[in-house]
Amino acid sequence: MSTTNETKNILGLHLPTDPRWVNLAELSLEYILTDHAYCEQKAATSCISLIQRYSELEKLVTDLAPIVTEEWGHFRLVLAELQKRNLKLGKQRKDEYVNQLQVFQKKDGSPEQRLLDKLLIFALIEARSCERFKRLSEGLDDEYLRNFYRRFMESEAGHYHLFIELAETYVDKPTVRKRWQEWLVYEADLMQKLEVRGDRMH
Ligand SMILES: [Fe+2]
Ligand SMILES: [Fe+2]
């Protein structure tokens, strides 16, 4: 698959996924589905944690409550796909991508800065997941799987927009935009450093 401008600029990401990744993922379907399942589980779990931590933020709680259900629904879809193919849900693996993103989070900033980074890290993971699903939905040989991933792509794009919207609800827009650009630069650098592996969603 060629690198189009569209994939290059998807949701503002600075670096498109290495085109070799789709082919590697295709060769290790059991591992990529397992890793994907845990990404969905972590998305659901992390949304629950945000709700617990920021219970006083009414819009955040209201908007994220249905996302928990949606992400868990995604987990169940991936699990069903594994089972249909007689593949096993393996063990969760170390998530180098998310761990490295967390390094960049402001841990000693103001409460507002900490909230902003939490929301932007969600937005970023959603954006990159969306880009990866787009790659799979365009680059896999199997038509069924291309459609399977297209649905995830659309859903995670919606989540990306929601997290940006939440950030702009609680933090002024210029601050959100400035910090988002810093995150995009950091993430592109991180993507370049990470090994291209077919058994990882990120
Ligand atoms: Fe999801
Ligand atoms: Fe999501």
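Every chain is numbered independently, its residues counted from 1 as its sequence is written. Whichever chain is written first becomes A and whichever ligand is written first becomes 1, with later ones labelled in order. Totals for whole chains, interfaces and linings use every residue, but because this is a predicted model, local features are given only for residues with pLDDT of at least 70 and side-chain atom pairs only at 80 or more, for both listing and counting. Based on all heavy atoms of the structure, the side-chain values leave hydrogens and waters out of the count.

**Q** Hey, could you run me through the coordination of the iron ion (ligand 2) in this one?
**A** Reference geometry at the metal: tetrahedral coordination by four donors gives ideal angles of 109.5 degrees; octahedral coordination by six donors gives 90 or 180 degrees. Here a donor is an N, O or S atom found within 2.8 Å of the metal, or within 3.2 Å if the metal is Na, K or Ca; sites may look incomplete because water is not among the atoms. Taken together, E71 (OE), E126 (OE), E126 (OE), E156 (OE) and H159 (ND1) make up the full set of protein donors to the iron ion (ligand 2), lying 2.0 to 2.3 Å away. Counting residues between consecutive donors of the iron ion (ligand 2) along the chain gives the motif E-x54-E-x29-E-x2-H. The metal-metal distance between the iron ion (ligand 2) and the iron ion (ligand 1) is 3.5 Å, with E71 coordinating both. Of this pair, E126 sits in helix α6 (residues 111-139) while E156 is found in helix α7 (residues 143-170), placing the two residues 30 residues apart along the sequence. Going along the chain from the N terminus, every DSSP run of H or I of four or more residues is numbered as a helix, and every run of E of two or more is numbered as a strand.

**Q** Can you help me understand the nonpolar core in this one?
**A** Generally speaking, a soluble globular protein has its nonpolar side chains buried in company with each other. In this structure, L64, L136, Y149, F163 and W180 are the most contacted members of the largest nonpolar core, which totals 61 residues. Elements with a minimum of two residues in this core: α2 (20-27), α3 (29-53), α4 (58-84), α5 (96-103), α6, α7 and α8 (173-193). Filtering out sequence-adjacent residues up to four positions away, W180 remains in contact with L11, L120, A123, L124, Y160 and I164. What is meant by a nonpolar core is a set of buried Ala, Val, Leu, Ile, Met, Phe, Trp, Tyr and Cys residues, joined one to another through side-chain atoms within 4.5 Å. The classification of residues rests on relative accessible area computed with a 1.4 Å probe and restricted to protein chains. Under 20% of the type maximum is buried, over 50% is exposed, and intermediate values are partly exposed. Contacts were defined at the residue level, with two residues in contact if any of their heavy atoms lie within 4.5 Å.

**Q** Looking at this structure, how should I read the coordination of the iron ion (ligand 1)?
**A** In the first shell of the iron ion (ligand 1), the protein supplies E40 (OE), E71 (OE), H74 (ND1) and E156 (OE), at 2.0 to 2.2 Å from the metal. Take E71: its relative accessible area is 0%, and that puts it in the buried class.

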